[in-house]
Amino acid sequence: MGEFKVHQVRFFEYMPTGIRALAFHAQNEKMAVARMDGSVEICDCSDNFFQEKVIPGREQCGIEALSWVGDRLFSAGLNGEIAEYDLTNQKVKYTIDAYGGPIWTITGNKQGTHLAVGCEDGNVKLFEVNEDKIQFERNLNRQKGRIISLSWHPSGSKIAAGMMDMIQVFNVETGHSIHRMLVDRGLRTSRSEECVVWSVVYLSDGTIISGDSAGMVKMWDDCTGTLIKSHNVTKSDVLALSVSQNEDSLVAGTSEGFVVQFQFVSVVLEKDEKEWVRTRTFKNHTHDIRAVAEITTAVVSGGMDTQLVVRPLLDKVEVRSTASALRKILFPHRRLVSCAKKAGLMLFQYPSHLELWRLGESEGQAIPGSSLPIIKKPEKLLLLKVKGEEHIRCSIVSPCGEWIAYSTASSLRLYRLNCDNNNVSITKISKLPKVLSSANQLCFSPDSSHLFSASIESSVHMVSLNQLGCKYVATLKPKSGSKQAIHLLTASEDGKWLASANSDHEVQVYNLQKRKAHCTVPIYSSAVSAMAFHPTTNCLFMVHADQQMFEFSIEQKQYTDWSRSVQRNKLHHIWLKRDTPVTNVMFNPKNPSHVILHDMYMLCVIDKSLPLPENSTQFYNQLTLKSLPAEERKFYSHAFKICKTFREILCVEQMLDQSLVVVERPLMDITTQLPAPIKQKKFAT
């Protein structure tokens, strides 16, 4: 497998924020996830829930609700504004003030013509969805209390509104309330305490389902305005509801951290009469579940414990595969750590600031698995705060450690760094080329002489760096004309080639000497999660979100023989069943045939000189090999060597001295910083 000196780094205090809202797009199988810091993630449910897009948030701009209208995504929050997102360029397209105070909920009708928002002032406001923008149309009859939740009838003719102690049903055409259904406060609630209807769902048969702060899930008849059935789900709150596409299944998220499923089934055999029956309870969260969404084959939930949980519904999964396994998305599928390989520096990206650290030093030799004595501790050199409200989208430090660049949604900043022993100074480059307005991704050339900035329409701006500042060189544009944003950039060690990957799954290779497109890698059905150039052959090694890997020869413009053998012989089923994507690819300078890659849970070295493991062979075979004689070891060894000695991994980088930097973020450290969950009575306590 190879021996490496490893810097175990645990001083990156990355802290994800809780999940506030979910919105599922059934046609495109995209899941929009809103977090409490205002950021929005777009996950591809058909591609192992890979985070293909991330829209950074802003300070004091939390999101309460999300809604898809066709292929357009809208959000609303307690700042009273409605925002539409430019998903192509991964930024907020525009915002509109609803003039109703804080907005608690937003939802679009099935026809895609109108948005309804529920406001603090008791108004349900309708907005018409036009091609370029939404436009306020009118208010429905104003109520005395705030509107907490909304749901359209599939016909678009009625709206159910959850409020304090009641549910109102509105006729959309007239704007009048046609039913007022009072919600029971429950036995455990005092008379002075109001019952909050946190979520409502309006079904096509006229049934209205509500979840409230009394812990009840109730079914109502919209014709008579009466209660049909009531289910006591929890001793605390039912915070979120979601119904399946064919309306035969319902899930409810509670503040105690469990999800309850109801199904619309026949209670008596051979009779057509159906009713809602509680069938399953899933306990995968430790804190409040703020959002749930039932998709084709699974239940997706998220809340205060920051993790997105995908719980499969086995009765809807026909074949056992990765779709039938429980999945927890804990860390972002993009890199938040950048290393200056030649200078021994690390740049940590937080939402509103950057931290630059110098690695520690050790001495002596040690046996594998042991620790070396530290002669110099890691040192924080710089804390760089972002001006304004916008959060950082991407950041990078140059390999030489003399340049730092970061970008928000609207601006790009470049700094020159001077490190003279313990004296650190930073100089902002004030005169940047106009094309460097903002970037989706940043990359330095290995010799730190050029900066590459991924801009709109999959183009890449190239600027040269010197002592005086930077100078615009060229703009590299893809032959395909794709307008999707780039999420990965990598440059070859010799400075001749640059590769980019975008959300259309396109991988473009550019010739930096000729400054034009060289070729396009054949498009694969899954997104690229990590890629890198081989330091000697310049072959491009790519790993995709579905765990497949390819090696592409730049000179011959075709896949290499090793890559073809991988596709012909297939990868081991245990490798393909992994649920976290590979986020970085490196190469071992001592052995060119070694490929080093990692995901959240493991570090892997692939030896291309060895045969691939067959499905019948043991995949995790390091312990077995150690117990065998040297002669037999060769017979049982295969290309994949897995190391799982590290805790949850955020980043692995290789330094110039061939040591590895492993940035860990143990989940226990994150859990201890979360707010206390609701205290629950446990057996024998």
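Heads up: the structure comes first, above all this text.
Rules used throughout
Residues numbered from 1 in each chain as written. Predicted model: local features only at pLDDT ≥ 70, side-chain atom pairs only at ≥ 80, totals over all residues. Heavy atoms only, no water. Helix = DSSP H or I, 4+ residues; strand = E, 2+ residues; numbered from the N terminus. Buried < 20%, exposed > 50% of the residue type's maximum accessible area, 1.4 Å probe, protein only. Contact = heavy atoms within 4.5 Å. Areas by Shrake-Rupley, 256 points an atom, 1.4 Å probe, with all protein chains shown as cover. Lys, Arg positive; Asp, Glu negative; His and termini not counted. Charge placed at Lys NZ, Arg CZ, Asp CG, Glu CD. Pairing = 2+ DSSP bridges. Axes fitted to C-alpha atoms, helices over the stretch in contact; angles between N-to-C directions. Salt bridge = Lys/Arg side-chain N within 4 Å of Asp/Glu carboxyl O. Phe/Tyr/Trp six-rings, centres within 6.5 Å; stacked < 30°, edge-to-face > 60°.

1. Overview of the overall build of the protein chain
Move 1: From N to C terminus, the protein chain includes 5 helices and 57 strands.
Move 2: Its C-alpha atoms put the protein chain at 75 × 65 × 50 Å along the principal axes.
Move 3: Across the 685 residues in the protein chain, those meeting the buried criterion constitute 58%.
Move 4: Summarising the internal contacts of the protein chain: among those between residues at least 6 apart in sequence, 48% fall at separations of at least 24.
Move 5: As displayed, the protein chain has an accessible area near 31000 Å², and 49% of this comes from carbon and sulfur atoms.
Move 6: Between the mean site of the 78 positive side-chain charges and the mean site of the 72 negative ones, the protein chain shows a separation of 4 Å.

2. As for the sheet that holds strand β36 (residues 394–397)
Move 1: With antiparallel pairing, 4 strands are arranged side by side in an open sheet as β36-β37-β38-β39. The open sheet has two free edges, formed respectively by β36 and β39 (423–428), since each of these has just one partner strand. When the angles between neighbouring strand axes are averaged without regard to direction, this sheet yields 20 degrees.
Move 2: Here strand β37 (residues 403–407) pairs with strand β38 (residues 412–420) via 5 bridges, running antiparallel.

3. Brief notes about the pattern of salt bridges
Move 1: Evaluation of the coordinates by the stated rule reveals 16 salt bridges.
Move 2: Here K30 ties to E52 by a salt bridge, and the two come within 3.1 Å at their closest N and O atoms. Pair noted here: K30 is in strand β3 (residues 30–35) and E52 is in strand β5 (residues 50–55), with a separation of 22 residues, a long-range link. With respect to class, K30 is no different from E52; both count as buried.
Move 3: Close ionic contact of R146 with E120 constitutes a salt bridge, the shortest N to O distance being 2.9 Å. Taken together, the residues span a long stretch of sequence, with R146 in the loop between β13 (134–139) and β14 (149–152) and E120 in the loop between β11 (114–119) and β12 (124–129) at a distance of 26 residues.
Move 4: Residue classification places R146 among the partly exposed residues on the basis of a relative accessible area of 26%.
Move 5: Among the ionic contacts, a cluster of salt bridges with common partners joins K30, D44 and E52.

4. Some thoughts on the packing of aromatic side chains
Move 1: For the structure shown, the criterion picks out 16 aromatic pairs.
Move 2: A centroid spacing of 4.6 Å and a plane angle of 15 degrees characterise the contact between F12 and F348, whose relative ring orientation is stacked. Taken together, the positions of F12 in the loop between β1 (6–9) and β2 (19–25) and F348 in strand β31 (residues 345–349) put the pair 336 residues apart, joining distant regions of the chain. There is no split in this pair, since F12 and F348 are both buried.
Move 3: Aromatic side chains Y406 and Y415 sit 6.2 Å apart centroid to centroid with 15 degrees between the ring planes, which places their arrangement in the stacked category.

5. Points about unusual backbone geometry
Move 1: We note that E247 has phi near 60 degrees; this positive angle belongs to a residue other than glycine.
Move 2: Phi at E457 is positive, roughly 55 degrees, even though this residue is not glycine.
Move 3: Here E457 is to be found in the loop between β41 (450–454) and β42 (460–465).
Move 4: For E457, a relative accessible area of 43% gives the class partly exposed.

6. A few points about the environment of F541
Move 1: The topology assignment puts F541 in strand β49 (residues 540–544).
Move 2: Looking at F541, the relative accessible area reads 0%, which means it is buried.
Move 3: Expressed as a C-alpha distance, the spacing of F541 and P351, which sit 190 residues apart in the sequence, is 30 Å.
Move 4: With residues up to four places along the chain from it excluded, the contact list for F541 reads A530, M531, A532, M549, F550, E551, W562, V585, F587, V595 and L597.

7. Quick word on the environment of S616
Move 1: By the secondary structure assignment, S616 is in the loop between β54 (603–607) and α3 (622–626).
Move 2: For S616, a relative accessible area of 69% translates into the label exposed.
Move 3: Here the alpha-carbon distance between S616 and D561, two residues 55 residues apart in the chain, equals 24 Å.

8. Describing the environment of F12
Move 1: Given a relative accessible area of 0%, F12 falls into the buried group.
Move 2: Note: C-alpha distance between F12 and V337 (325 residues apart in sequence) is 8.8 Å.
Move 3: If we skip the residues at most four places from it in the chain, F12 touches L336, V337, F348, Q349, Y350, L650, V663 and R665.

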